[in-house]
Structures are given as structure tokens and as C-alpha cells.
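# Structure assessment
For reference, the chains in residue letters:
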Amino acid sequence: MIEVKNLSKRYGPNVALNNISFSVEEGTVVGFLGPNGAGKSTTMNIITGYLSASSGSVTVGGYNTLDNPNEVKKLIGYMPEIPPLYPDMTVKEYLNFMYDLKKVTLPREKHLKEICALVKITDVYPRLINNLSKGYKQRVGFAQALLGNPPVLILDEPTVGLDPKQIIEIRNLIHNLGKKHTIILSSHILPEIQAVCERIIIVNKGNLVADGTPDSLSQNLSADHKLILRVEGNETEVKNALKAVKFVETVQSCGEKEPGVFEYEVEARDGRDVRRELFRAAASKNFPILSMTNAGLSLEDVFLRLTSAAYLQDTVSETITEGEEEE
Ligand code: ADP
């Protein structure tokens, strides 16, 4: 449904997006996750045709955003981070105004009524937008994105500034909409994405650093065989013995956990499984291994690892001039 190919965006000397590519199948809910300033809004603005790319292309439903901007806009309901509301209008006036602006052809009264029921704003329909709570304003923003029943929804940080109850309501709404729509949802909050998305794309400093299901992302990174060992014996000697094992890259001491027993974090190179060699090395020096476990990564660990400076230095060629961080 959505194809993003080699997309780059520069603001003067700042590279906001650095050659990112991904595609979104019809009917999926994809989370676009990254810290502030990662390039999420820029990507969304380019997909929706509000911003032009420096290079690369985007197609939505087979239409190129540059060649057929109107066709693309018809397919997309967009809710920017700050919904484009007119505070001096009532909800009714605003939605009717947007209905005309978007040249929606569905039966007006019935369509507006359905949308209002869906996003639960029927009770504030006659009220002035200015007097609504933030949660209600957000839902009115949602309602305008749903006008014309577009197959694709792009939601930029849809729950920012809402209270926990409102957040749950909006999440449930997205979950329900996901049954019939293709949705890209951006957020810098991991649990938000985890709660509603089947697939997660992680961006950092303009680079796409991961793309997969929540489970596959956790598994892939855990698969680089980071092990936690508890070993009895002199800390330095044990550390040296473990370090000497072939393919072991780092051995980090995590302190004394029982009298004379220290914990170590061992990382192997190239995802090698070094458990047997560690056992033999420790046994040959008479250092009993009391426990050895795989350090599984939560999705939160994954996110932090992928968006930490150290990881990026290792994995991404540094072609980026870092932009200002926005908060
Ligand atoms: P996110 O939505 O992930 O917080 P953005 O897409 O808003 O990130 O921003 C990506 C980078 O581009 C940031 O470094 C930001 O400072 C920069 N940026 C965004 N908009 C502009 C602009 N209009 N002019 C200059 N730099 C911008």
C-alpha cells in the first residue's frame, strides 16, 4: 500500500532523513518509533505530500506523491501532531467545513454521524472547539482524518499530552480502526507502539535502524548471545579465563552476588554460541559456574540499544550532520 524508497531530506546542512526505505502492506498497523528529532514527522509529512523529499520516492496505492498528489491525498487521512483545528468553530461547523474542503462524496449527515460515534464526540458535536479538553480536541482531529473513509491513516504522535484514560481510549480506537485501515502511527513512546502495532520501524537520527515484528526485533538482538554467568573464584582470574575463550568479545564484571561469587556479562562475536567453551574454560581452571543464562532483551532494551550513540557508531556509516534535538 505504501512504498518508501531511498528517501532523504535535508534542511540546509542538516540531514533529517538519510536514505530510508520501507513498505507497508495493506491492512497493517505499523509503528514508527524513534526519539525526538529522529525524522518521524518529516517522513510522515513526505508520505502525505505536505513536504517534498530531497531525493527518493513515495508511492501510496500505486500513486507517486509527486506525480499524483491529489490521488494520494484522497487515500490518506492524516492527523498531524497538532491537529489542524479551528478553535472558533463548533465541532459541527468544523467537520462540515472539512467535509467540503476534502470534497467528500459520502452522504453527509450519515457519514458525519458515523464518524462522531466512532471517535466518541457525538456529545460535544454542537460545542465550540476552543472549549473542549485536549482529549476531545484530539478526537476531533481524528474525526477529520476519517472524513471520506480513506484506506490509509497516518497518525503523528496521536496520544501526546493526553491523560492515561484518554490514552487508553485513543489506543483502543486505533486498534479498532486497524481492522479496516492501513495505519502508520508515530510515537517516541514504546509501550504505545507495542500496544497497537503488528510491526515496528525504528528510526534514529534519520536512519532506519530496525524493521520487524516486536518479537522478531527482541529475538534478533538477543540472538547475539549475550550471556550472564555467575562464577565462583577470584574476579580477575575468572574474567581473564572467560576472555581467553575463542570468539568472546567482551567480559564485563557485574559485581559480587554471593560471597566469592561474581556475575559476568559475556558477549560473543558474530552471534557465536560460546556456552560450551565457557564451561570448559572455567572447569579447566577449577572455577565452578553456578549459573549461565541468556540475557534476553525486552523491546525497551532493543529500542535503547538501537538508538544509543554507541550502537549507531558501530553500525551506521556516519554521513549525518546531527540536527538540533527537539523536545
Ligand atoms: P521527529 O518527528 O522524529 O521528532 P522531525 O522529523 O521533526 O523528527 O525532525 C528531524 C530532524 O529535522 C530534527 O533534527 C529537526 O531538528 C530537523 N527539522 C525538522 N523540521 C525542520 C525545519 N523546518 N527546518 C530545519 N530543520 C528541521
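Residues numbered from 1 in each chain as written. Predicted model: local features only at pLDDT ≥ 70, side-chain atom pairs only at ≥ 80, totals over all residues. Heavy atoms only, no water.

Going by what an unreviewed UniProt entry lists, the protein is known as ATP-binding cassette domain-containing protein and is assigned to Caproiciproducens faecalis. Turning to the protein, the UniProt annotation filed under Sequence similarities (unreviewed entry) states: "Belongs to the ABC transporter superfamily." (UniProt positions renumbered as here; feature names shortened; annotations may be inferred.)

Moving on, we come to unusual backbone geometry. Phi at Asn 149 takes a positive value of approximately 55 degrees, unusual for a residue other than glycine. Of note, Asn 149 is situated in the loop between helix H5 (134-146) and strand E7 (152-156). In this model, Glu 157 sits at a positive phi of 45 degrees, which is unusual for a non-glycine residue. (Helix = DSSP H or I, 4+ residues; strand = E, 2+ residues; numbered from the N terminus.)

All right, on to the packing of helix H3 (residues 91-101) against H5 then. How two helices pack is summed up by the angle between their axes together with the distance between the axes. Where H3 meets H5, the closest approach of the two axes is 9 Å, and the angle between their N-to-C directions is 25 degrees. For the element pair H3 / H5, the angle class is roughly parallel. As for how H3 packs across H5, the hand of that crossing is right-handed. Of H5, the residues touching H3 (which contributes Val 91, Tyr 94, Leu 95 and Met 98) are Val 140, Ala 143 and Gln 144. (Axes fitted to C-alpha atoms, helices over the stretch in contact; angles between N-to-C directions. Parallel < 35°, antiparallel > 145°, perpendicular 65-115°, else oblique. Left-handed = near helix turned anticlockwise from the far one by under 90°. Contact = heavy atoms within 4.5 Å.)

Our next topic: the environment of Gly 56. Inspection of the secondary structure puts Gly 56 in strand E4 (residues 55-60). When the C-alpha atoms of Gly 56 and Ala 282 are compared, they prove to be 53 Å apart, with 226 residues separating the residues in sequence.

Take the environment of Gly 12 next. With respect to the secondary-structure elements, Gly 12 resides in the loop between strand E1 (2-11) and strand E2 (14-24). The class for Gly 12 is exposed, based on a relative accessible area of 60%. Considered as a pair, Gly 12 and Pro 84 are 72 residues apart in the sequence and their alpha carbons are 27 Å apart. (Buried < 20%, exposed > 50% of the residue type's maximum accessible area, 1.4 Å probe, protein only.)

Attention now goes to the sheet that holds strand E5 (residues 63-64). Within the open sheet, the 4 strands sit side by side as E2-E1-E4-E5. Their pairing is antiparallel. Each edge of the open sheet carries a strand with a single partner, namely E2 and E5. Sheet analysis places E4 next to E5, joined by 2 bridges and oriented antiparallel. Considered in E5, the bridge of Thr 59 is made with Asn 64. (Pairing = 2+ DSSP bridges.)

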